[in-house]
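Read off the chains here:
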Amino acid sequence: PEGADGPGDQAPKRLAVCPAKPNCVSSEANDAKQAVAPLRLKGDPALAWEGIREMVARLPRTEVVRFTDRYLHVTFKSRLFRFIVDWWILPLFP
């Protein structure tokens, strides 16, 4: 998302719109082909958010690029072709 790692670390309020490519999905997508259900967390929001970071960080070929209370940016490297996949998560706490 635009501005996420810019001056003052302005966290995105929404995910970037997926380009018209089959390799992008979003829980905010309007196109049904790119739509996925959002992750639903239960319990204490701070503990759940930290738990997501810890769980993702344990996955193979994964790098946590940035973790704040406003967003998580992770990259994954595919095993076979070594493609880099960006993954952004924005928590929606009440």
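Given the structure is predicted, the values throughout are model-derived calculations rather than measurements.

1. Notes on the overall build of the chain
Link 1 in the chain: Looking only at helices and strands, one finds one helix and three strands in the chain.
Link 2 in the chain: Counting the 94 residues in the chain, one finds 24% classified as buried.
Link 3 in the chain: Looking at the chain as shown, the accessible area adds up to about 7300 Å², and 56% of this sits on carbon and sulfur atoms.

2. A few points about the packing of aromatic side chains
Link 1 in the chain: Summed over the entire model, instances satisfying the criterion amount to four aromatic pairs.
Link 2 in the chain: Here the aromatic rings of Phe-76 and Trp-87 are separated by 5.6 Å at their centres, their planes lie at 50°, and the arrangement is tilted. Separated by eleven residues along the polypeptide, Phe-76 in strand β2 (residues 72-77) and Trp-87 in strand β3 (residues 84-89) bring together distant segments of the chain.
Link 3 in the chain: Judged by relative accessible area, Trp-87 falls into the partly exposed class, the value being 31%.

3. A short note on the pattern of salt bridges
Between side chains of opposite charge, a pair can form when the charged atoms approach closely.
Link 1 in the chain: On inspection of all chains with the given rule, the structure shows two salt bridges.
Link 2 in the chain: Here Glu-28 ties to Arg-14 by a salt bridge, and the two come within 3.7 Å at their closest N and O atoms. In this pair, Glu-28 sits in the segment before α1 (45-57) while Arg-14 sits in the segment before α1, placing the two residues 14 residues apart along the sequence.
Link 3 in the chain: On the accessibility criterion, Arg-14 (54% relative accessible area) is exposed.
Link 4 in the chain: Note that Arg-53 and Glu-50 form a salt bridge whose closest N and O atoms lie 2.5 Å from each other. Taken together, the positions of Arg-53 and Glu-50, both in helix α1 and three residues apart, correspond to about one turn of that helix.

4. Brief notes about α1
Link 1 in the chain: Helix length check: α1, at 13 residues, gives a terminal C-alpha distance of 18 Å against a target of 18 Å (1.5 Å per residue), a fit within 8%.
Link 2 in the chain: Every buried residue belonging to α1 is among Ala-48, Trp-49, Ile-52 and Val-56, and all of these are buried. Viewed end-on, α1 has its buried residues packed into an arc of 100°, placing them on one side of the element. Facing away from the buried side of α1 by over 90 degrees, the exposed positions are Ala-46 and Leu-47.
Link 3 in the chain: Against β1 (62-67), β2 and β3 lie the buried residues of α1.

5. Quick notes on the sheet that holds β2
Link 1 in the chain: If you walk across this open sheet you meet the three strands as β1-β2-β3, and the pairing is antiparallel. Each edge of the open sheet is held by one strand with a lone partner, namely β1 and β3. Shown here is a sheet whose adjacent strand axes are inclined to one another by a mean of 20°, direction ignored.
Link 2 in the chain: Two elements, β1 and β2, share five bridges in a ladder whose sense is antiparallel. If you follow Val-64 over to β2, its bridge partner there is Val-74.

Quick notes on the rules
Residues numbered from 1 in each chain as written. Predicted model: local features only at pLDDT ≥ 70, side-chain atom pairs only at ≥ 80, totals over all residues. Heavy atoms only, no water. Helix = DSSP H or I, 4+ residues; strand = E, 2+ residues; numbered from the N terminus. Buried < 20%, exposed > 50% of the residue type's maximum accessible area, 1.4 Å probe, protein only. Areas by Shrake-Rupley, 256 points an atom, 1.4 Å probe, with all protein chains shown as cover. Phe/Tyr/Trp six-rings, centres within 6.5 Å; stacked < 30°, edge-to-face > 60°. Salt bridge = Lys/Arg side-chain N within 4 Å of Asp/Glu carboxyl O. Expected span 1.5 Å × (residues − 1). Arc of directions from axis to C-beta. Contact = heavy atoms within 4.5 Å. Pairing = 2+ DSSP bridges. Axes fitted to C-alpha atoms, helices over the stretch in contact; angles between N-to-C directions.

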